[in-house]
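Below are the chains, spelled out letter by letter.
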Amino acid sequence: MAASARASARVHSFPESSEAASVESLALQACDDIDSLHAVHRAYACLEKLIVPQGVNDTEEVYPTRTELSALVLVVNEELQRRIETADSAMQSLRVALSGGGAR
């Protein structure tokens, strides 16, 4: 929901200068970064509940919540996607380098 609000803000906002656009871009990036930090914190809470020894009778403390598990999966998925994109970019660069090197 926050992403769609930011996207519509980009569409409807007409900054008067490149400096204003840069400031708006930095503000939006900061909001995205803070959202990511919240997701990482929820993922950490999930892992902590799974790893740290807790009292056996305290089931609410022992079992991670659905939100925490979702955050954990989201963080892992985002990191996996980032690594796939990095590997794909490296392979594309290698293909370009090899095709350029073979033409010489």
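Since the structure is predicted, the reported quantities are computational estimates derived from the model, not experimental observations.

Engineer: Can you help me understand the overall build of the protein in this one?
Structural biologist: When you go through the protein residue by residue, the secondary structure sums to four helices and zero strands. Put simply, the protein runs from its N terminus to its C terminus through helices and strands in the order α-α-α-α. Going through the 104 residues of the protein one by one, you find that 11% of them count as buried. A fraction of 42% describes how many contacts in the protein between residues 6 or more apart in sequence connect residues 24 or more apart.

Engineer: Would you explain helix H2 (residues 18-51) in this entry?
Structural biologist: Helical geometry note: an α-helix holds 3.6 residues per turn, so side chains three or four residues apart project in the same direction. In a regular helix each residue adds 1.5 Å, so 34 residues correspond to 50 Å; H2 covers 48 Å between its end C-alpha atoms and thus fits that length. For H2, the set of buried residues is Leu28, Ala39, Ala43, Ala45, Cys46 and Lys49.

Engineer: In this structure, what is going on with the layout of surface pockets? I would like to understand it.
Structural biologist: Regions of empty space are outlined by a rolling probe, equal in size to a water molecule, passed over the atoms. The space that makes up the largest pocket amounts to roughly 210 Å³. The wall of the largest pocket is formed by Asp32, Asp35, Ser36, Ala39, Val40, Leu74, Val75, Glu78, Glu79 and Arg82. For the lining of the largest pocket, the elements supplying multiple residues, two or more each, are H2 and helix H4 (66-103). Of the residues belonging to the lining of the largest pocket, the class tally is four nonpolar, one polar and five charged.

Engineer: I keep staring at the confidence of the model for the protein and nothing clicks. Help me out?
Structural biologist: The predicted coordinates ought not to be read in detail in places where the model reports low pLDDT. When the pLDDT values of the protein are averaged, the result is 75; 71% of them are 70 or greater. The least confident element of the protein is helix H1 (residues 2-12), whose mean pLDDT is 46; the most confident is H4, at 84. Here residues 1-11 is a poorly scored stretch, pLDDT under 50, and it has nine contacts once near neighbours within four places are set aside; other chains count.

Engineer: Could you clarify how one ought to interpret the pattern of salt bridges in this entry?
Structural biologist: Opposite charge on two side chains makes pairing possible when the charged atoms of those side chains draw close. A full pass over the atoms with the stated rule returns two salt bridges. With its nearest N and O atoms 2.5 Å apart, the salt bridge here joins Glu79 to Arg82. Within this pair, Glu79 and its partner Arg82 are both found in helix H4, separated by three residues, close to a single helical turn. Given a relative accessible area of 45%, Arg82 falls into the partly exposed group. Notably, a salt bridge pairs Arg83 with Glu79, separated by 2.8 Å at the nearest N-O pair.

Engineer: Explain a nonpolar patch on the surface to me, please; I cannot follow it from the model alone.
Structural biologist: On the surface, Leu47, Leu50, Ile51, Val52 and Leu69 cluster together to form a nonpolar patch covering roughly 440 Å² of accessible area. Of the residues examined, Val52 reaches a relative accessible area of 36% and is grouped as partly exposed.

Engineer: I keep staring at the side chain of Glu68 and nothing clicks. Help me out?
Structural biologist: Within the secondary structure, Glu68 is located in helix H4. The contact partners of Glu68, leaving out residues within four places of it in the chain, are Arg42, Ala43, Ala45, Cys46 and Lys49.

The rules behind each value
The residue count restarts for each chain, going from 1 along the sequence in the order it is written. Local features in this predicted model are restricted to residues of pLDDT 70 or higher, and side-chain atom pairs are both shown and tallied only at a pLDDT of 80 or more, whereas totals for entire chains, interfaces and linings draw on every residue. The basis for the side-chain values is all heavy atoms of the structure; hydrogens and waters are excluded. To qualify as a helix, a DSSP run of H or I must reach at least 4 residues; to qualify as a strand, a run of E must reach at least 2; elements of each kind are numbered from the N terminus. Remark: exposure states derive from per-residue accessible area (1.4 Å probe, protein chains only) relative to the maximum for the residue type, with buried under 20%, exposed over 50%, and partly exposed in between. In this description, contact between two residues means that some pair of their heavy atoms is separated by no more than 4.5 Å. Expected span of a helix: the number of residues minus one, times 1.5 Å. Within this scheme a cavity is a closed region of a 1 Å grid, computed over the protein atoms alone, that accommodates a 1.4 Å probe without allowing it to escape, whereas a pocket is open but has protein on both sides within 12 Å along at least five of seven lines; lining residues each have an atom within 4 Å of a point. Grid points are joined across faces, edges and corners, and a volume is the space filled by probe spheres set on the points. Gly is put with the polar residues, along with every residue not named as nonpolar or charged; the nonpolar set is Ala, Val, Leu, Ile, Met, Phe, Trp, Tyr, Cys and Pro, and the charged set is Asp, Glu, Lys and Arg. For every residue, the predictor states its confidence as a pLDDT score lying anywhere from 0 to 100. A pairing counts as a salt bridge when a side-chain nitrogen of Lys or Arg comes within 4 Å of a carboxyl oxygen of Asp or Glu. For patch building, the residue pool is restricted to those with more than 30% relative accessible area and no salt bridge; the joining distance is 9 Å between like charges and 5 Å between nonpolar side chains (Val, Leu, Ile, Met, Phe, Trp, Tyr). For every accessible area listed, the method is Shrake-Rupley and the probe measures 1.4 Å; residues are considered covered only by the protein chains on display.

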